Amino acid sequence: MSMRQKFPMSGGSLISRFMVILLIILILSILSITTLWYIDTRTQIESRFTLQQNHSEQILRQSVIWIDGGIRLYEYSFEPGMKEAMDMYLAAYNESGGDITKIDLPSLKTHLNETIGGTWDLYIIDAEGTVVHTTYTPDLFLNFCNYPSFYKTLTRIREEGAYVIDRTVKGFVKGSPNRKFAYQGTPDKKYVLEISRNFQTFIPKETETSYAELVKNLPRLNPNIVSIELFNTQGEIVTRWSADSGYGNYSPHIQEKVIRVLSEKKSHYYHEPDLKQAISIIYLSIQDTRYPSSPMMNLVGRIVYSTQEIEEKILEISIIYIAALLFTLLIAGLTVWKTSRYFSYPVKGLIQDLNQIADGDLNHQIRDTGILELKQIEGAINRLVSNLKEMIRTIQTQEEQVKNELSNRIQAEENIRNLLQEVQQKELQIQKSEERYRSVVETQNEFICRFTPDGTHIFVNDAYCRFFGKSCDEILGTKFSPEIPEDERIQLKNHLAGLTRQHPTDLNEHHIILPNGERRYIQWIDQAIFSETGEITEYQSVGRDLTEVKELEKSLHASDSLYRETVNAMDDGVFVTDSTHSILIWNGWKLGKQAKLLKEHKHLEGKKLFSILTYLTEKDYLEYDGVFSSGKIAVYETIIEKERPIYLETKIIPIITDDQVTTVVTLIRDITLRKESEKALHKLNLDLEEIIRKRTEDLQSSLDELDAFAYSVSHDLRGPVRAIDGFSHLLLLKAGDILDEENKHLISRIRESVTTMDRLIQDLLRFSRTARQPLQVIDIEMGGLVRGVITELTSQPETRNISVHIKDMRSSKGDPGLIRQVWYNLISNSIKFTLPDTVPDITIGSYEKESEIIYYIKDNGIGFDMQYADKVFEVFSRLAPSPNAEGTGVGLALVKRIILRHHGRIWVQSGKGRGTTFYFTVQGRDGSER
C-alpha cells in the first residue's frame, strides 16, 4: 500500500482558492461600480421627467385658479343690479302679505327688464324645496330635494332670511342659458325668493381664450406633453390641445375616469405601456366655497405625457451598462488566469515531488524551483525524509517485539474469557430454572400437589389449599383425600394405575364435592415419577377448575343450535369462508336455489365459494381480497340481468383473530323490491318537482306582473295628479279674482283630494318597492330603533301628547330600514286611532316563547271587532268609519309584507273601545330562518 493510499489527500488547491477569491473581489468591484453608475444615471433621467411633470401640473392648477378669479371679478359688476332687483322682488312679496298668489311675476319681470336692463326670471321656492311659481316655465315644480346639498343651503337661507348671491352657472334643466342667481329668504320663513339674470354668452372672449392659451402654451414648458384636455363638472370638454392635427372623439372610458375624479375629488395617475404614455387626470379645484354653486366651477385636466424619449434613454444606458460589464469581466478573468499560471507552476512541481515521496520513494530528491521560500521548504522536506527513514527502521524492530508479546497475551485472555462465559451460563440456567419453578408453582392459579402412592401429600401450592378451604400446614404430611362421587372413584383409581414408565403422564377429569357441598368439575394432569428400579415414588398433579367452562360449553352449544336455526330460516344467503374461499358454514340460501344463482350440491362445506355462486366475477374476487387485507367491512350491489333483473346487496364481514382476518361472513340480500320501489319513488319525485317548478314559475310570474303593474300604475298616475294640482293652483292664481267663494272652495277640495291621491300613490309605490328591495340583514338593537321612531314622531309640531312605556326589548336580526318602517307604521297607527280627548297610552316590549322572540305594541285606542282581524292587513282596507281619519289603508299591508319577507308572522288582538295589541316575529332567535 502506497503512502498516498494510507494518507489520502483532500481539499482544494490553496492557489486555486486564492485565485477564486481574487476573481470574486474583482467581479464584485466591477459590478458595484457599473451598477451604481447605472442606477444613478437612470434615477436622474426619471427624476427629470417627474420634476417636469409635477411642474406642469402645478402651473395648470394655479392658472385655473387665476382664470377663475378673473371670471369672478367680471361677475362682481352684475351684483349691484342683482341686489337692486332682489329688493324690488322682496318689496312685492311684503306688499302681498305673504300670499304668493297675489304677486304678478310676469309684470315684475317686465319691470326689471326695463328698469335695470338685461333678461330676468323670477322664482318662488317653498319649504319642501319645490319651485311653486316662476316666470321660467321649464323650472316649474322643479324639486331641489333631488339635490340634497343645494336643498340644505336653500333651507338655511329660508330659515335665516338671508340674501345670498351665487355664481353664473347653467340651470338645473337641460338647455338652460347661463344664469347668475341670487336668493332671499322671506321674513315669514315660508319661501325662498330666487332671481336670475340670463346670458346667452356670459364669459368675455378674452376669458374664453384664456383656457385655450393655457393648454396651448403649457407644452412649450414640457416637450413631453402629447395632449391636454380640460373638462367641466358635467364631464364636457372645455378646451383641448393635441400634438396631432386631428383631435378625434374621446372615449367613454376617458369620460368614466373624469367622472370618477370629480366624485372622489382626487387626482389619478396611470401608465399605458403599449402606447408609451403616462396619463395624469388632475382635479382642478378653484378653492372657493363662498357660493352655493362654487363646486360646479371646478375643472378636471387630463394630460398625456410621452414616455418614449425617457424609455429610449434608459434602454441606451442599459446597453452601455451590460457591454461595459461584460468587457470588464473578460479582462478580470484573463488577469486572474495569467496570475494563477505564474504562481501555480512551481508549486505544482513541488507537489509532484512530495506525492512521489509519499508513494514510498524516499530516495527521490526535490527539484530546484529557484524561489527562496520554496527552497527552504525543499531543505526541510529532505531533512524530514532522512529522519523518517531512520524512524521506520527503529519502528520495524519494535513492532516485531510487540507483536510476539501481544499474541501471547491475547491467547491467555481468550482462555479466561471462555471459562467465565461457561460459569455465567451455568449460573444463569440455574437461576432461570428456579424462577420458572417458583413462577409456575407458587404463583399459578392451577392446583399443584405432590403425593406418595399411599396418599401422603409432600407438596401443595397456595391455590390448591385455597380451593379446599384449608391451610397448607393442614394438608402437608397428611393423607388428604378430597370427596369424589362414588361412580368416579373407580375411574380415578384405574387412571392412576394406568400410568407407566412408557406413558407416565395422562389427563383425567372428575367432580369434587367441596366441604360446603358445592360440586366443581376439575381437570387434572397427572404424572407418575419412577425410581431407578421402576417403582412409583410419587405422583405430581396439576389441576384446573373447568366448572364455568363446562357450563359455558353447554350455553354455547344451545346458542349455536339457536343461531343455526335462525340463520337457516333467513331469506338472506349466509356463507362463512376461510382465506382460501372455502365454505365452512352456509344456510341453504333458498332464493339462490330458486333463482339458480348457485350450483346444486348435496354438501357445500369445503367447496370453493366462487365455484358455487355462478354470478361472481373478478370484481367480487377483488372485494374479498380487499376485506382480507384491510380488515374492513365491504358492502356493494350486484345486478343480475334476467327477464326480471335481480338486485343483490353483498356484505362481507371480516372475523379478526390475533389481529388477522381468518374468516369472513358473506351476507347476500335480495333488494330487488327495494330498488324497484326506489325507481318508482324517484320518478314520482321528478314528476312532483316538475309540477312544483311550473307552479312556482307561474306564481312568481304572477307576483312579478302584479308588482310591476302596481308600480307602473302608481308611477304613471303621479304625472296627471301633479298636473291637476299645478293647473288648479294656476287657476286660483290667474282667475282667483273672478271666482266666488264656492268655486274657490271646490278648487281647494280638488287640491286636497289630489294631495290625498298623491299620498296614496306614494304609499302604493312604497308597498310595491318593498317586494323588490333586497334585504340587508344585520344585527338590530331593537330598543334603540324604537326610541328613534318615537323621537321622530313626537318631534313634529303637530304631534299630540302621548305616553309611551318601553319594556324589555330583545335584539334580533333583519333589515333595519324595513323593520324601522314596521315600528313607524304601528306606533303612528296607535296615535292616530285614539280618541281626540284621550292621551294615547302605548306599551312596547318583547318576550320569548318556545325559542321565539315575540314583539308587541299595545294601545288604548278605539279598537275594532275581531271579525275584521284579517281585513286590517289588506291593501286599502280601512275600518275607521270617519272620513277625517288619517291614512290611506296601505300602512298595515306594508307591515305584513315586511314581516313575511323576514320569514316572520304578525297577528292582532282588539275589541271595540278596549284598545289594540299587535304581535309579530322576525325570523328566529338569532336571525336564522325557523
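Position labels on residues start from 1 in each chain and follow its written sequence. Only residues with pLDDT of 70 or above have their local features reported here, since the model is predicted, and side-chain atom pairs are shown and tallied only from 80 upward, although totals for entire chains, interfaces and linings are computed over all residues. Side-chain numbers here rest on the full set of heavy atoms in the structure, without hydrogens or water.

Draft legend 1. Representation of the overall build of the protein chain within the structure. The helix and strand inventory of the protein chain stands at 21 helices and 27 strands. Buried, partly exposed and exposed residues are distinguished by accessible area as a fraction of the type maximum, computed with a 1.4 Å probe on protein chains only: under 20%, between the cut-offs, and over 50%, respectively. Within the protein chain, the proportion of its 930 residues that are buried is 38%. Put simply, 56% of the contacts in the protein chain that link residues at least 6 apart link residues at least 24 apart. Surface accessibility in these figures is a Shrake-Rupley result with a 1.4 Å probe; residues are shielded only by whichever protein chains are displayed. Taken as a whole, the protein chain presents about 56,800 Å² of accessible surface, with 55% of it coming from carbon and sulfur. Secondary structure elements follow DSSP: runs of H or I no shorter than four residues count as helices, runs of E no shorter than two count as strands, and numbering proceeds from the N terminus. Contact between two residues is taken to exist if any of their heavy atoms lie within 4.5 Å; hydrogens are not considered.

Draft legend 2. Inspection of empty space enclosed by the protein at higher detail. Every definition here rests on a 1 Å grid over the protein atoms only: cavities are sets of points where a 1.4 Å probe fits but cannot get out, pockets are open sets enclosed by protein on both sides within 12 Å along at least five of seven lines, and lining residues have some atom within 4 Å of a point. Grid points are joined across faces, edges and corners, and a volume is the space filled by probe spheres set on the points. On inspection of all chains with the given rule, the structure shows 2 cavities of 30 Å³ or more. In this structure, the second largest cavity occupies an estimated 30 Å³ of space. The residue makeup of the lining of the second largest cavity, split by class, is 7 nonpolar, 2 polar and no charged. Only Asp, Glu, Lys and Arg are considered charged in this grouping, and only Ala, Val, Leu, Ile, Met, Phe, Trp, Tyr, Cys and Pro are considered nonpolar; every other residue, Gly among them, is considered polar.

Draft legend 3. Spotlight on the environment of Arg61. Relative to the elements of secondary structure, Arg61 occurs in helix H2 (residues 14–76). When its relative accessible area of 26% is taken as the criterion, Arg61 is described as partly exposed. Residues Arg61 and Gly301, 240 residues apart in the sequence, show an inter-C-alpha distance of 8.8 Å. Excluding its chain neighbours within four sequence positions, the residues that come into contact with Arg61 are Ser267, Tyr269, Ile282, Tyr283 and Leu284.

Draft legend 4. Fine view of the packing of helix H20 (residues 816–832) against helix H21 (residues 891–901). In this analysis an axis means a line fitted to C-alpha atoms, helices contributing only their contacting stretch, and an angle means the value between N-to-C directions, from 0 to 180 degrees. Direction vectors running N to C along H20 and H21 enclose 145 degrees, while the axes themselves pass 9 Å from each other. H21 is crossed by H20, and the crossing has left-handed handedness. Across the interface between the two elements, Leu818, Ile819, Gln821, Val822, Asn825, Leu826 and Asn829 of H20 pack against Gly891, Leu892, Leu894, Val895, Ile898 and Ile899 of H21. Per-class residue counts for the contact of H20 with H21 are 9 nonpolar, 4 polar and no charged. Each crossing gets its hand from how the near helix is turned against the far one by less than a right angle, where anticlockwise is left-handed and clockwise is right-handed.

Draft legend 5. The confidence of the model for the protein chain, seen in detail. When pLDDT is averaged along the protein chain, the result is 81, and 87% of the positions lie at 70 or above. Every residue gets a pLDDT, meaning the predictor's confidence in that residue, from 0 to 100. Averaged over each element, pLDDT in the protein chain is lowest for helix H1 (residues 3–6) (41) and highest for strand S27 (residues 916–920) (95). Low pLDDT, under 50, characterises residues 1–10; the predicted model gives this stretch 11 contacts beyond four residues in sequence or across chains. Across residues 924–930, confidence stays below pLDDT 50; counting only partners more than four residues off in sequence or on other chains, it has 16 contacts.

Draft legend 6. Region of the structure containing a nonpolar patch on the surface. Where nonpolar side chains cluster on the molecular surface, the patch consists of Phe327, Leu330, Ile331 and Leu334 and spans about 410 Å² of accessible area. With respect to the helices and strands, Leu334 occurs in helix H8 (residues 308–358). Only residues above 30% relative accessible area that lack a salt bridge enter a patch, with like-charged residues linked at up to 9 Å and the nonpolar side chains Val, Leu, Ile, Met, Phe, Trp and Tyr linked at up to 5 Å. Only one rule defines a salt bridge in this text: a Lys or Arg side-chain nitrogen within 4 Å of an Asp or Glu carboxyl oxygen.

Draft legend 7. Highlighting unusual backbone geometry. For Asp659, which is not glycine, the phi dihedral falls at a positive 60 degrees. Inspection of the secondary structure assignment puts Asp659 in the loop between strand S19 (646–657) and strand S20 (660–670). With phi around 60 degrees, His903 is a residue other than glycine that occupies positive phi space. Of note, His903 is situated in the loop between H21 and strand S26 (906–910).

Draft legend 8. Quick peek at the packing of helix H3 (residues 79–95) against helix H4 (residues 105–115). Here H3 crosses H4 at 155 degrees, and the two axes come no closer than 11 Å. With respect to their mutual orientation, H3 and H4 come out roughly antiparallel. The two elements H3 and H4 cross, and the hand of that crossing is right-handed. Here Ala85, Met88, Tyr89 and Ala92 of H3 lie close against H4, whose contacting residues are Leu105, Leu108, His111, Leu112 and Thr115. Each residue belonging to the contact of H3 with H4 can be placed in one class, and the counts come to 7 nonpolar, 2 polar and no charged. If an angle is under 35 degrees, it is roughly parallel; if it is over 145, roughly antiparallel; if it lies from 65 to 115, roughly perpendicular; otherwise it is oblique.

Draft legend 9. Examining the packing of aromatic side chains more closely. Centres within 6.5 Å make a pair out of two Phe, Tyr or Trp rings, where for Trp the six-membered ring is used; the pair is then stacked when the planes are under 30 degrees apart, edge-to-face when over 60, and tilted otherwise. Under the counting rule described, the total for this entry stands at 26 aromatic pairs. Seen in terms of ring centroids, Tyr464 and Trp524 are 6.4 Å apart; in terms of plane orientation they differ by 65 degrees. Their pairing is edge-to-face. With Tyr464 in helix H10 (residues 462–468) and Trp524 in strand S14 (residues 519–530), the pair connects residues that are 60 residues apart, well separated along the chain. Overall, Tyr464 belongs to the buried group, its relative accessible area being 2%.

Draft legend 10. Geometry of the sheet that holds strand S18 (residues 634–640). If you walk across this open sheet you meet the 5 strands as S17-S16-S20-S19-S18, and the pairing is antiparallel. Since the sheet does not close on itself, it has two edges, and those belong to strand S17 (583–586) and S18, each with one partner. On average, adjacent strands in this sheet sit at an angle of 20 degrees to one another, irrespective of strand direction. One bridge is not enough; two strands pair if DSSP finds at least two bridges between them. The pairing of strand S16 (residues 573–578) with S17 spans 3 bridges and is classified as antiparallel. Residue Val576 lies in a different strand from S17, and its bridge partner there is Ile585. Across the sheet, helix H16 (residues 618–630) lies against S16, S18, S19 and S20, angled at about 135 degrees from S20, the strand it touches most.

Draft legend 11. Fine view of the UniProt feature "transmembrane region" (unreviewed entry) in the protein chain. UniProt positions are given in the numbering used here, feature names are shortened, and annotations may be inferred rather than shown by experiment. UniProt tags residues 20–39 and 318–337 as "transmembrane region" (unreviewed entry). The span residues 20–39 carries 100% helix and 0% strand; its end-to-end C-alpha distance comes to 28 Å.

Draft legend 12. Focus on the pattern of salt bridges. Going through the model one piece at a time under the given rule, you end up with 30 salt bridges. Of the charged contacts in the structure, one is a salt bridge between Arg260 and Glu264, with a shortest N-O distance of 3.2 Å. Residue Arg260 and its partner Glu264 are located together in helix H7 (residues 252–264), separated by 4 residues, close to a single helical turn. Connected through salt bridges with shared partners, the residues Glu637, Glu649, Arg674, Lys675 and Glu678 form a single ionic network.

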